[in-house]
Amino acid sequence: MLRIAVPNKGSLAETAAEMLAEAGYTGRRDSKDLHVIDPVNEVEFFYLRPKDIATYVGSGALDVGITGRDLLLDARMPGAREIERLGFAGSTFRFAAPTGTFTDVAELAGKRIATSYPGLVDAFLDERGIAVDLVPLDGAVESAVRLGVADAVADVVETGTTLRQAGLEVFGPEILRSEAVLIAGPHDADGTERLLRRLRGVLVARRYVLVDYDLPAALVDEAVAIAGGIESPTISPLRDPEWVAVRVMVPRASVNTTMDELYAIGARAILVTAIHNARL
Ligand SMILES: Nc1ncnc2c1ncn2[C@@H]1O[C@H](COP(=O)(O)OP(=O)(O)OP(=O)(O)O)[C@@H](O)[C@H]1O
Ligand SMILES: O=P(O)(O)OC[C@H]1O[C@H](OP(=O)(O)OP(=O)(O)O)[C@H](O)[C@@H]1O
Ligand SMILES: [Mg+2]
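Residues numbered from 1 in each chain as written. Chains lettered and ligands numbered in written order. Predicted model: local features only at pLDDT ≥ 70, side-chain atom pairs only at ≥ 80, totals over all residues. Heavy atoms only, no water.

Undergrad: What's the story with the site of ligand 1 in this structure? I'm lost.
TA: Around ligand 1, a shell composed of 15 residues is seen, among which Gly 10, Ser 11, Pro 50, Asp 70 and Glu 158 lie nearest. With respect to ligand 1, the side chain of Ser 91 contributes an N or O atom lying 3.3 Å from an oxygen atom. Relative to its unbound accessible area of 600 Å², ligand 1 is 67% covered by the protein chains. Comparing atom positions with the cavity grids shows ligand 1 to sit within the largest pocket. (Near = heavy atom within 4 Å. Polar contact = N/O pair within 3.5 Å; in protein donor to acceptor, adjacent residues only side chain to side chain. Areas by Shrake-Rupley, 256 points an atom, 1.4 Å probe, with all protein chains shown as cover. 1 Å grid on protein atoms, 1.4 Å probe; cavity = no way out; pocket = protein on both sides within 12 Å on 5 of 7 lines; lining within 4 Å. Sits in = over half its atoms within 2 Å of the grid points.)

What follows is the structure, encoded as structure tokens:
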């Protein structure tokens, strides 16, 4: 059985559970379940705090896990490594302070920095030889400056709304770009490849749609330059020998632009279909 660590709550939990369900696994029915066995797929799920997942996986207690890249780096577990990006919970990790206070990280020397990612911040500042006074907090870090326990913060920024509301502004370089990732431990466990292939299938289904259209055969090269697919489009003959049918995978995010461009060169009957699952 492959032993998989899954976030039990927080920003990552819901999408992680959805992806595993789409990949065919039977997850927990109750949000209080801590351990679920899926005998058909030969996996065991352990529902853990996202912050702890790298510790379990890096130590070899569990084989693989879903966590954030920021949490993985914060844990500083040499045995844990990222093996796949999972394309959700995208964020940046930034320094922030009241507007106009700091412009450069070097100015942080000797200052109090509040963060719930002390490992990550310490590693970043250490590399640059900047010694600060870290103030470890559990969350809602943005309030730390206003409440007088810190001069600046280092935290997850997605839309920037939380920072703005707290009267803070980012400064200095991006510490990190994070997203949810699949991590593995020091040993290659049996079944990891299968999980990876299944999750990649789910990612493809989420990221791509199928586009079918009819096209004058003479325009195929032009059409393929617009939408080349993942490997190569499928071209099928039509009853009219001057025309062909084309089927191609297109990124969901840009499908309307692609349709406009295909139509403009002469493609007609352009149809878009969702992909439920894939194995590439
Ligand atoms: N607003 C957000 N947008 C995108 N990703 C986020 C956001 N907030 C947290 N994350 C990501 O979620 C992970 C942290 O999950 P965790 O469950 O520890 O924190 P949380 O979602 O803030 O939950 P909690 O309510 O316990 O603080 C990190 O990888 C982080 O980058
Ligand atoms: O840039 P934004 O879109 O505002 O998102 C970023 C905020 O979201 C998360 O907070 P969360 O709600 O999880 O609370 P927490 O600080 O207690 O973790 C994160 O810690 C930031 O505070
Ligand atoms: Mg949070």
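Undergrad: I would appreciate a short explanation of the site of ligand 2 in the present structure.
TA: Near ligand 2, the surroundings consist of Gly 139, Ala 140, Glu 142, Asp 155, Val 156, Val 157, Glu 158, Thr 159, Gly 160, Thr 161 and Thr 162. For ligand 2, an oxygen atom lies 3.3 Å from a polar atom in the side chain of Asp 155. In isolation ligand 2 offers 480 Å² of accessible surface; the protein chains occlude 61% of this area. Of all the secondary-structure elements, those providing two or more residues to the shell around ligand 2 are β9 (152-157) and α5 (161-165). Counting residues per element, the shell around ligand 2 draws most heavily on β9, which supplies 3 residues. Class assignment for the residues of the shell around ligand 2 results in 3 nonpolar, 5 polar and 3 charged. (Helix = DSSP H or I, 4+ residues; strand = E, 2+ residues; numbered from the N terminus. Nonpolar A, V, L, I, M, F, W, Y, C, P; charged D, E, K, R; others polar.)

Undergrad: How should I be thinking about the UniProt feature "domain: Histidine biosynthesis HisG C-terminal" (unreviewed entry) in the protein in this particular structure?
TA: In the numbering used here, UniProt assigns the "domain: Histidine biosynthesis HisG C-terminal" (unreviewed entry) feature to residues 205-277. Span residues 205-277 is 29% helix and 40% strand, its end C-alpha atoms 5 Å apart. (UniProt positions renumbered as here; feature names shortened; annotations may be inferred.)

Undergrad: Just to check I follow, could you spell out the sheet that holds strand β13 (residues 234-237) for this structure?
TA: Pairing between sheet strands relies on hydrogen bonds along the backbone, with the strands arranged either parallel or antiparallel. Spatial strand order, β13-β14-β12-β15: 4 strands in an open sheet with antiparallel pairing. Pairing within the sheet leaves two strands with one partner each, and these edge strands are β13 and β15 (268-274). The sheet shows a mean angle of 20° between the axes of neighbouring strands, direction not considered. In this sheet, strand β14 (residues 243-251) lies alongside β13 in antiparallel orientation, the contact comprising 4 bridges. The residue of β14 that forms the bridge with Pro 237 is Val 244. Against the sheet, helix α8 (residues 255-265) engages β12 (208-216), β14 and β15, with an angle of about 160° to β15. (Pairing = 2+ DSSP bridges. Axes fitted to C-alpha atoms, helices over the stretch in contact; angles between N-to-C directions. Contact = heavy atoms within 4.5 Å.)

Undergrad: It is not clear to me how the pairing of strand β4 (residues 64-68) should be interpreted in this structure. Could you clarify?
TA: In regular strands, side chains alternate between the two faces of the sheet. Burial analysis of β4 places 5 of its 5 residues in the buried class, which makes it a mostly covered element. Alternating residues of β4 divide into Val 64, Ile 66 and Gly 68 and Gly 65 and Thr 67, and every residue in both groups is buried. Where strand β1 (residues 2-7) meets β4, 2 bridges bridge the pair, whose relative direction is parallel. Bridging across to β4, Ala 5 finds its partner in Gly 65. (Buried < 20%, exposed > 50% of the residue type's maximum accessible area, 1.4 Å probe, protein only.)

Undergrad: When you look at the sheet that holds strand β7 (residues 112-115) in this model, what are you seeing that I'm missing?
TA: With mixed pairing, 5 strands are arranged side by side in an open sheet as β8-β7-β9-β6-β10. The open sheet has two free edges, formed respectively by β8 (133-136) and β10 (168-178), since each of these has just one partner strand. When strand polarity is set aside, the average angle formed by the axes of neighbouring strands in this sheet is 25°. As defined by bridge partners, strand β6 (residues 91-98) adjoins β9 across 5 bridges and the pair is classed as antiparallel.

Undergrad: So what exactly am I meant to see when it comes to the side chain of Ser 116 here?
TA: Mapped onto the elements, Ser 116 comes out in the loop between β7 and α4 (118-127). Taking relative accessible area as the criterion, Ser 116 reaches 7% and is therefore assigned buried. Aside from chain neighbours lying at most four places away, what touches Ser 116 is Lys 51, Asp 74, Leu 137, Asp 138, Gly 139, Val 141 and Asp 155.

Undergrad: Just to check I follow, could you spell out the environment of Ala 152 for this structure?
TA: Here Ala 152 shows up in strand β9. When the C-alpha atoms of Ala 152 and Gly 119 are compared, they prove to be 16 Å apart, with 33 residues separating the residues in sequence. Contact partners of Ala 152, with chain neighbours within four places excluded, come to Ala 96, Ala 97, Phe 102, Leu 108, Arg 112, Ile 113, Ala 114, Val 145 and Phe 171.

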